[in-house]
Amino acid sequence: MTATYDSLAAHYDAVAGDGAAEAAFVHDLIRQRRLIEPRRGRAATLLDVACGTGAIAASLARGYQGGYRVSGLDISSGMLAVAQAKLPAGTPLYQADMTSFRLDARFDAVVCAYQGVNHLLSFPAWESFFRCVYEHLNAGGVFVFDIATVGHLVRMAGLEKIVQQFEDNYLLIRVHTVDGAVFEWRIEVYELQPDGRYRLLTQVVEMTSFPVVRVREALRRWFTDIEITGGDGSSADPDAEDRIWLTCVKPP
């Protein structure tokens, strides 16, 4: 089971950052993989897993050679409600667990951004997710996802707190771990009310990560052409990065 973020859905976009920039990065990763096998043509259909508020899917639907025909999947009804309002009318949206979804559709690309996979707290759950992606990709389809590395989660737990202002509201994050494996993120949003007082919204989520070499080995059960890049598009040193992207292909 993954985190729902229902209570923070209204503020998620303001906190998460620029979805258009993330979408452009994802598009470049997909395009690069499809160019390796030009017979496949450009990817036209795309599933955004753990799509949240649909910020990335909406950008991918609007641009890039006429846009992708996007679909979204998330476990949170609150996040999907926000996504529905910004995506093109008729966009398929599925409320489902990312480790066990079964859709009557196949896609040229599957994407999972904003470290969605890190909310799965066991490695078998990660493997179940990879298998679901494989089953929903067309032959030659591209799978793109990012992870927060083990080192990043450890560094976050070493901080006392993170405070961020957005508009007239405030975000407070504290990260804590007992065993060095599962990291509890306590997220508080102080939302300004019309009377000048603040309403407190809270969400507690748990995250974990695994050595990149283990993730890569698991992907090899289903995918080929596995490539790791850093968040800026350069080649990644997994031990030094906070966030990495993995791109791979379903064999034709």
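See the structure printed just above.
Presented here is a report on the structure given in the accompanying data block.

Here is what the cut-offs are and how they apply
- In every chain, residue numbers begin from 1 and rise along the written sequence.
- Where totals are concerned, whole chains, interfaces and linings use all residues; where local detail is concerned, this predicted model gives features only for residues with pLDDT of at least 70, and gives and counts side-chain atom pairs only at 80 or more.
- For side-chain calculations, the full set of non-hydrogen atoms in the structure is used, while hydrogens and water are omitted.
- Pairing between strands is defined by DSSP: at least two bridges between the two strands are required.
- A helix here means a DSSP run of H or I that spans at least four residues, while a strand means a run of E at least two residues long, and both kinds are numbered starting from the N terminus.
- Inter-axis angles, ranging from 0 to 180 degrees, are taken between N-to-C directions of lines fitted to C-alpha atoms, where helices are fitted over the stretch in contact.
- Salt bridges are counted wherever a side-chain nitrogen of Lys or Arg sits within 4 Å of a carboxyl oxygen of Asp or Glu.
- Classification of residues uses two cut-offs on accessible area relative to the type maximum, computed with a 1.4 Å probe and protein chains only: under 20% is buried, over 50% is exposed, and between them is partly exposed.
- Each polar contact in these results corresponds to two N or O atoms within 3.5 Å; when the atoms are within protein, one needs to be able to donate a hydrogen and the other to accept it, and residues that are neighboring in sequence are counted only if both atoms are side-chain atoms.
- Residue contacts are defined here by distance: any two heavy atoms, one from each residue, within 4.5 Å place the two residues in contact.
- Only buried Ala, Val, Leu, Ile, Met, Phe, Trp, Tyr and Cys residues count toward a nonpolar core, and they belong to the same one when joined by side-chain atoms within 4.5 Å.
- Stacked, edge-to-face and tilted labels apply to pairs of Phe, Tyr and Trp rings (six-membered ring for Trp) whose centres lie within 6.5 Å, assigned for plane angles under 30 degrees, over 60, and everything in between, in that order.
- Charge-over-ring contacts are defined here by two conditions on Lys NZ or Arg CZ: a distance within 6 Å of the ring centre and an angle within 35 degrees of the ring normal.
- Expected helix span is taken as 1.5 Å per residue step, with the number of steps being one fewer than the number of residues.

The next point concerns the sheet that holds strand β6 (residues 162-166). The strands making up a sheet associate through backbone hydrogen bonding, with each pair oriented either parallel or antiparallel. Sheet architecture is open: 4 strands sit in the order β6-β7-β8-β9, paired in antiparallel fashion. Two strands in the sheet have a free side with no partner beyond their single neighbour: β6 and β9 (198-207). The sheet shows a mean angle of 20 degrees between the axes of neighbouring strands, direction not considered. In this sheet, β9 lies alongside strand β8 (residues 183-192) in antiparallel orientation, the contact comprising 10 bridges.

Turning our eyes to something else, we now look at the pattern of salt bridges. Taken as a whole and judged by the stated rule, the model has 10 salt bridges. A salt bridge links Arg243 to Glu22; its shortest N-O distance comes to 2.4 Å. Of the two residues, Arg243 sits in strand β11 (residues 243-249) while Glu22 sits in helix α2 (residues 19-36), which places them 221 residues apart along the sequence. For Glu22, a relative accessible area of 14% translates into the label buried. Of the charged contacts in the structure, one is a salt bridge between Arg155 and Asp242, with a shortest N-O distance of 2.7 Å.

The next point concerns the side chain of His136. With respect to the helices, strands and loops of the structure, His136 is situated in helix α5 (residues 123-136). A polar contact is formed between the side chain of His136 and the backbone nitrogen of Leu103, at a distance of 2.9 Å. Not counting chain neighbours up to four residues away, the residues in contact with His136 comprise Phe101, Arg102, Leu103, Ala105, Arg106 and Phe107.

Core analysis: the biggest nonpolar cluster contains 35 residues, and Phe129, Phe130, Phe143, Phe145 and Leu219 have the highest contact counts within it. With 7 residues, α5 is the single largest residue contributor to this core. Look past the residues within four positions of Phe130 in its chain and what remains in contact with it is Phe143, Phe145, Val215, Ala218, Leu219, Trp222 and Phe223. Judged by nonpolar contacts, the second largest core, of 23 residues, contains Leu29, Ala61, Ala83 and Ala113.

Attention shifts here to the packing of aromatic side chains. In this structure the tally under the stated criterion is 12 aromatic pairs. With a centroid separation of 5.7 Å and an interplanar angle of 80 degrees, the aromatic rings of Phe129 and Phe143 are classed as edge-to-face. One end of the pair, Phe129, is in helix α5; the other, Phe143, is in strand β5 (residues 137-148), with 14 residues separating them in the sequence. Phe129 sits in the buried class, given a relative accessible area of 0%. With a centroid separation of 6.1 Å and 75 degrees between ring planes, the pair formed by Tyr134 and Phe223 is classed as edge-to-face. Of the two residues, Tyr134 is situated in helix α5 and Phe223 in the loop between α7 (212-219) and β10 (224-230); the sequence distance between them amounts to 89 residues. On the accessibility criterion, Tyr134 (29% relative accessible area) is partly exposed. Connected via pairs of aromatic rings, a cluster forms that spans Phe129, Phe130, Tyr134, Phe143, Phe145 and Phe223. Seen from the ring of Phe123, Arg214 lies directly overhead, with NZ or CZ sitting 4.0 Å from the centre. Here the guanidinium or amino end of Lys250 rests over the ring plane of Tyr134, the centre of that ring lying 4.4 Å away.

The next thing to look at is the sheet that holds β11. Spatial strand order, β3-β2-β1-β4-β5-β11-β10: 7 strands in an open sheet with mixed pairing. If you trace the sheet from one side to the other, it starts and ends with β3 (93-95) and β10, each paired once. Across the sheet, the mean angle separating the axes of adjacent strands is 15 degrees when strand polarity is ignored. Contacting β2 (69-74) and β3, helix α4 (residues 77-86) runs over the sheet at an angle of about 175 degrees to β3.

Attention now goes to the environment of Ala148. Looking at the element boundaries, Ala148 is found in strand β5. The spatial distance from the C-alpha of Ala148 to the C-alpha of Asp242 is 5.9 Å, given a sequence separation of 94 residues. Residues within four places of Ala148 in sequence aside, it is in contact with Gln115, Asn118, Leu153, Ser209 and Asp242.

Turning next to α4. Taken together, the buried positions of α4 are Gly78, Met79, Leu80 and Ala83. Its side-chain oxygen placed 3.3 Å from the backbone nitrogen of Gly78, Ser76 serves as the N-cap of α4.

A word on α5. In a regular helix each residue adds 1.5 Å, so 14 residues correspond to 20 Å; α5 covers 20 Å between its end C-alpha atoms and thus fits that length. Taken as a whole, α5 has its buried residues at Phe123, Ala125, Trp126, Ser128, Phe129, Phe130, Cys132, Val133 and His136.

Keep in mind that these numbers describe shape and distance, not what the molecule does.
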